[in-house]
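Summary of structural features
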Amino acid sequence: MPNSIRILEVGPRDGLQNEAGEVPVEAKVALVEALAAAGLPEIEVGAFVNPKLVPQMAESAEVFRRMRRREGVVYSALVPNRRGAEAAIEAGADLLSVFASASESFSRRNTNASIAESLARFEPVFEIAAGASRPVRAYVSCAFGCPDEGEVDPTRVASLARELVDAGASEIDVSDTIGVAVPRDVDRVLDAVGAEIDPSRIALHFHDTRGTAIANVMTAIDRGVTRFDSSCGGLGGCPFAPGASGNLATEDLLYVCARSGIETGASLADVAAASSAIGEVLGRRLPSKALAAVRSGVGNDQCRSEDGAARR
Ligand code: HMG
Ligand code: MG
């Protein structure tokens, strides 16, 4: 089992993209700054996509412009095409994330393009990123199941991962868009993808729709995976996969890691404070169980001592 993992915090992007109400740009900036101060090594700040389809991400350039950067933190952005890549580099993104789908129907629904068309759209993204010396991560959505097509063959996930690595992706973020995976699925998909690409390039992105995300992460950690995405408070969902709930909560991941002796560099208490603040802006409590426990005070003694051990 690895003694540390690296967390990509996707709350400001995957979390907020699904929010219907207005979230002021200052609140988004404050969230990014608080998450960086909490010790998270990478934050997906926003998305450079069609603002008519995802209005909540329309101010991403403004968030990049206003936020104070912390040294050593990677601030990344989601981009679908050349236009997005140019805007993200201009805004100062350190890393670009493209997103493809292992299922044709979700590819169409999410990006109005077939899988092949989206790969063609990524070509200029890889070129622009290389010209600016920025790495590109590639998400593979619906890697464990599709809202339209149901089961997705892991060999399709693996061959798409191979194509994306060949095109220039430094990391493949294997994504459970609708939160259907259980640990046995994680084994099957890791077997297939690990046979096609270097396993050290694999990251995992779980939505916690059915409460299985943390079990999936622990299965993957046992197999040596060290990169995971999570979202503060469990914010999130995809506007193009209605009903799919938020990502694995960062607090839940931090809690399990801290008590398992796995270093993350981040503070549970500080992430919980950031989540509570954005929860107030949104007018509701966020779903993370570990966040609720911090707020209620139950077992806080353990949380505090473990939190200290997990700090950078
Ligand atoms: P399209 O309609 O095929 O492309 O959209 P288009 O080139 O014909 O452009 C249509 C309109 O979008 C035009 O504007 C363009 O200017 C504009 P109009 O003339 O109608 O005013 N446009 C853009 N605007 C800003 N930035 C851009 C950009 N590109 C075009 N980069 C496109 C294709 C992909 C752009 C569109 O379908 C889109 O933006 N979709 C949104 C996809 C999205 O954000 N999904 C959610 C994030 S992915 C996710 O959540 C999954 C993930 O978390 C992993 C997982 O859980 O599975 C990553
Ligand atoms: Mg997602």
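In case you missed it, the structure is sitting above this.
All of the points below concern the structure found in this document.

Parameters at a glance
- Residues numbered from 1 in each chain as written.
- Chains lettered and ligands numbered in written order.
- Predicted model: local features only at pLDDT ≥ 70, side-chain atom pairs only at ≥ 80, totals over all residues.
- Heavy atoms only, no water.
- Helix = DSSP H or I, 4+ residues; strand = E, 2+ residues; numbered from the N terminus.
- Rg over C-alpha atoms; globule rule 2.2 N^0.38 Å.
- Contact = heavy atoms within 4.5 Å.
- Near = heavy atom within 4 Å.
- Polar contact = N/O pair within 3.5 Å; in protein donor to acceptor, adjacent residues only side chain to side chain.
- Areas by Shrake-Rupley, 256 points an atom, 1.4 Å probe, with all protein chains shown as cover.
- Nonpolar A, V, L, I, M, F, W, Y, C, P; charged D, E, K, R; others polar.
- Core = buried A, V, L, I, M, F, W, Y, C linked by side-chain atoms within 4.5 Å.
- Buried < 20%, exposed > 50% of the residue type's maximum accessible area, 1.4 Å probe, protein only.
- Pairing = 2+ DSSP bridges.
- Axes fitted to C-alpha atoms, helices over the stretch in contact; angles between N-to-C directions.
- Salt bridge = Lys/Arg side-chain N within 4 Å of Asp/Glu carboxyl O.
- Expected span 1.5 Å × (residues − 1).
- Parallel < 35°, antiparallel > 145°, perpendicular 65-115°, else oblique.
- Left-handed = near helix turned anticlockwise from the far one by under 90°.

Each helix and strand counted, the protein chain has 13 helices and 8 strands in total. Over its C-alpha atoms the protein chain spans a radius of gyration of 18 Å, differing by no more than 12% from the 20 Å that the globule rule assigns to 312 residues. Taking the principal axes of the C-alpha coordinates as reference, the protein chain spans close to 50 × 40 × 35 Å. When contacts within the protein chain are restricted to residue pairs at least 6 apart in sequence, long-range pairs at least 24 apart make up 76% of them.

So, about the site of ligand 1. Around ligand 1, a shell composed of 28 residues is seen, among which Asn50, Lys52, Arg83, Ser141 and Thr177 lie nearest. Asn110 is positioned with one of its side-chain polar atoms (N or O) 2.8 Å from a nitrogen atom of ligand 1. Asn112 places a polar side-chain atom, nitrogen or oxygen, 3.0 Å from an oxygen atom of ligand 1. With the chains in place, 77% of the 1,100 Å² that ligand 1 exposes on its own is no longer accessible. Breaking the shell around ligand 1 down by element, the ones donating at least two residues are α1 (11–15), α4 (82–91), α5 (104–111) and β5 (136–141). In the shell around ligand 1, the residues fall into 11 nonpolar, 12 polar and 5 charged.

Our next topic: the nonpolar core. The biggest cluster of nonpolar side chains holds 102 residues, and the ones touching the most others in it are Leu96, Leu164 and Ile172. In contact with Leu164, not counting residues within four places along its chain, are Ala100, Leu119, Phe122, Phe126, Ala138, Val140, Ala169 and Ile172.

Turning to its location among the elements, Val193 is positioned in helix α8 (residues 183–196). For Val193, a relative accessible area of 1% corresponds to the buried category. Note: C-alpha distance between Val193 and Arg156 (37 residues apart in sequence) is 9.1 Å. Apart from the residues within four sequence positions on either side, Val193 is in contact with Val157, Ala158, Ala161 and Ile202.

To continue, consider the sheet that holds strand β8 (residues 227–230). What the 8 strands build is a closed barrel, ordered β1-β2-β3-β4-β5-β6-β7-β8; its pairing is parallel. The average undirected angle you get between the axes of adjacent strands in this sheet is 25°. In this sheet, β8 lies alongside strand β1 (residues 6–9) in parallel orientation, the contact comprising 4 bridges. Following the sheet pairing, Ile7 is matched in β8 by Phe228. Sheet contacts for helix α6 (residues 115–131): β4 (95–101) and β5; angle to β4, the most-contacted strand, approximately 170°.

Okay, the pattern of salt bridges next. Counting across every chain of the model gives 22 salt bridges. Across the pair Arg66 and Glu62 runs a salt bridge whose closest N-O atoms are separated by 2.9 Å. With a gap of 4 residues between them, Arg66 and Glu62 both fall in helix α3 (residues 60–66), about one helical turn apart. Each of Arg6, Arg13, Asp14, Glu42, Glu44, Arg137, Glu171, Asp173 and Arg227 takes part in salt bridges that share partners, so that together they form one network.

A rise of 1.5 Å per residue sets the reference length of α8, with its 14 residues, at 20 Å; its end C-alpha atoms lie 20 Å apart and thus fit the reference within 8%. Residues Asp185, Val186, Val189, Leu190, Ala192 and Val193 constitute the buried set of α8.

This next bit is on the packing of α4 against α6. Where α4 meets α6, the axes come as close as 8 Å, and the angle between the chain directions of the two elements is 25°. Taken together, α4 and α6 sit at an angle that is classed as roughly parallel. Classified by chirality, the crossing of α6 by α4 is right-handed. Residue-level inspection shows Arg82, Ala85, Glu86 and Ile89 of α4 in contact with α6, the latter providing Arg121, Pro124, Val125 and Ile128.

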